[in-house]
Amino acid sequence: MKSKSKKHTLTRFPIKAALIVFCLLFFVYRYGIWRLLHVLKVYRIPTSPSVGSTFVNSFGIQMSWIPELQNANTRATSGGFWISTYEVTQSSFAEVMGHNPSSFKPLFPIDFPVESVSYAEAIEFCELLSKTEHEKGFCKTDSRYSLPTESQWEFACRAGTTTKYHFGRTLSYKDAWFHYIDQSLQKDSTEYARCMMFRKPKQPKPTGTYPPNNFGLHDMHGNVSEWCRTRADGQNGKVPTRGGSYVNIANECAAYSRYVWPPNEKLPFVGFRIILSK
């Protein structure tokens, strides 16, 4: 009798295990791995974050904590905020918005930054992401996703440094993806002109290819330029981008460099990253 009971128990165990595995796989297929991890409480927004704190939202976007922001001119401070560790990727954008507007679409677009996206589309992405996370209970109703302001972006980029780049006074091809030109070349030389014309990168690289800054953020210089939030009127109706991109030379990728574009402009070297704040 004992051996029969034991055999019956062993027979039922694989069936239960298989059923559990099937349910988990179906949940992942239907809702995504990040939602499963949230349900299992693997990923939650830290209640007492500090520099180095991160979490992953329900769409797999990793967010890094930026401490209290201080205005360099007025010395006034504002609370800390979360900012995406990487530029928003094509896969994340497509999951939220239902399409991928990028000009460069690799076979596996998981880690490539979304580009050819307008300022209006970036704002819409943030609004839809906030709505979805509120409905699913992954985000508090008093918090919302948005684009960073220029002050927030530059503070996050510098990460406590005062130099031209968060890496230091110069930018190397080992630090970021940009239009690198050997500065030893004379500007009136044929080789310099050739570099300017023919050696410009043709497309962005996967996010996180290069080392992060002191806040753990990647690609704050180069890769794709990033939309920043501004007032409705902006500068003659135009909106700023920061950080430079793969088409820009080093000076155009400095922490203080900025360009302005019409809000409906879609450029193959402009993307964005997001913040989460109250």
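Just so it is clear, the model here is predicted, and its values are computed rather than measured. (Residues numbered from 1 in each chain as written. Predicted model: local features only at pLDDT ≥ 70, side-chain atom pairs only at ≥ 80, totals over all residues. Heavy atoms only, no water.)

Looking at the sheet that holds strand S7 (residues 225-227)
Ordered in space as S9-S8-S7-S10, the four strands form an open sheet in which the pairing is mixed. Bordering the open sheet on either side are strand S9 (258-261) and strand S10 (270-271), each of which pairs with just one other strand. Both S7 and strand S8 (residues 239-242) contribute to a ladder of two bridges, which runs antiparallel. Opposite Trp 227, over in S8, you have Thr 241 as the bridge partner. (Pairing = 2+ DSSP bridges. Helix = DSSP H or I, 4+ residues; strand = E, 2+ residues; numbered from the N terminus.)

Re the packing of aromatic side chains
One pass over the structure, following the stated rule, counts nine aromatic pairs. Arranged with centres 4.9 Å apart and planes meeting at 90 degrees, the rings of Phe 55 and Trp 82 form a pair that is edge-to-face. Here the residue Phe 55 occupies a position in strand S1 (residues 54-56), and Trp 82 occupies one in strand S5 (residues 81-84), the gap between them amounting to 27 residues. What links up through ring pairs into an aromatic cluster is the set Phe 55, Trp 65 and Trp 82. Lys 205 extends its terminal NZ or CZ atom over the ring of Trp 177, reaching a point 4.3 Å from the ring centre. (Phe/Tyr/Trp six-rings, centres within 6.5 Å; stacked < 30°, edge-to-face > 60°. Lys NZ or Arg CZ within 6 Å of the ring centre and 35° of its normal.)

Notes on the side chain of Ser 102
Of note, Ser 102 is situated in the loop between helix H3 (90-97) and helix H4 (119-136). When its relative accessible area of 4% is taken as the criterion, Ser 102 is described as buried. Polar side-chain contacts of Ser 102 include one of 2.9 Å to the side chain of Asn 100. A polar atom in the side chain of Ser 102 sits 3.2 Å from the backbone nitrogen of Glu 115. Apart from residues lying up to four places away in sequence, Ser 102 is in contact with Gln 90, Pro 113, Val 114, Glu 115 and Ser 116. (Buried < 20%, exposed > 50% of the residue type's maximum accessible area, 1.4 Å probe, protein only. Polar contact = N/O pair within 3.5 Å; in protein donor to acceptor, adjacent residues only side chain to side chain. Contact = heavy atoms within 4.5 Å.)

Overview of the nonpolar core
Core analysis: the biggest nonpolar cluster contains 29 residues, and Phe 125, Tyr 145, Phe 272 and Ile 274 have the highest contact counts within it. Only strand S2 (62-66), H3 and H4 provide two or more residues apiece to this core. Top element by residues in this core is H4. It accounts for five residues. Excluding its chain neighbours within four sequence positions, the residues that come into contact with Phe 272 are Glu 87, Val 88, Phe 93, Val 114, Val 117, Ala 122, Phe 125, Leu 147, Ser 225, Glu 226 and Trp 227. (Core = buried A, V, L, I, M, F, W, Y, C linked by side-chain atoms within 4.5 Å.)

Some points on the pairing of S5
Both faces of S5 are covered, namely the face carrying Phe 81 and Ile 83 and the face carrying Trp 82 and Ser 84. Sheet analysis places S2 next to S5, joined by four bridges and oriented antiparallel. By the bridge assignment, Ser 64 is partnered in S5 with Ile 83. Here S5 runs beside strand S11 (residues 275-277); their pairing, made up of two bridges, is antiparallel. Considered in S11, the bridge of Ile 83 is made with Ile 275.

Structural notes on the sheet that holds S11
By way of backbone hydrogen bonds, the strands of a sheet pair with one another, either parallel or antiparallel. Pairing is antiparallel across the open sheet formed by five strands, whose spatial order is S1-S2-S5-S11-S6. Every other strand in the sheet has two partners, leaving S1 and strand S6 (144-146) as the edge strands with one partner each. Neighbour-to-neighbour, the strand axes of the sheet open up by a mean angle of 30 degrees, direction not taken into account. For S1 and S2, the ladder comprises three bridges, and the chain directions are antiparallel. Across the sheet, the residue bridging to Val 56 is Gln 62, located in S2. (Axes fitted to C-alpha atoms, helices over the stretch in contact; angles between N-to-C directions.)

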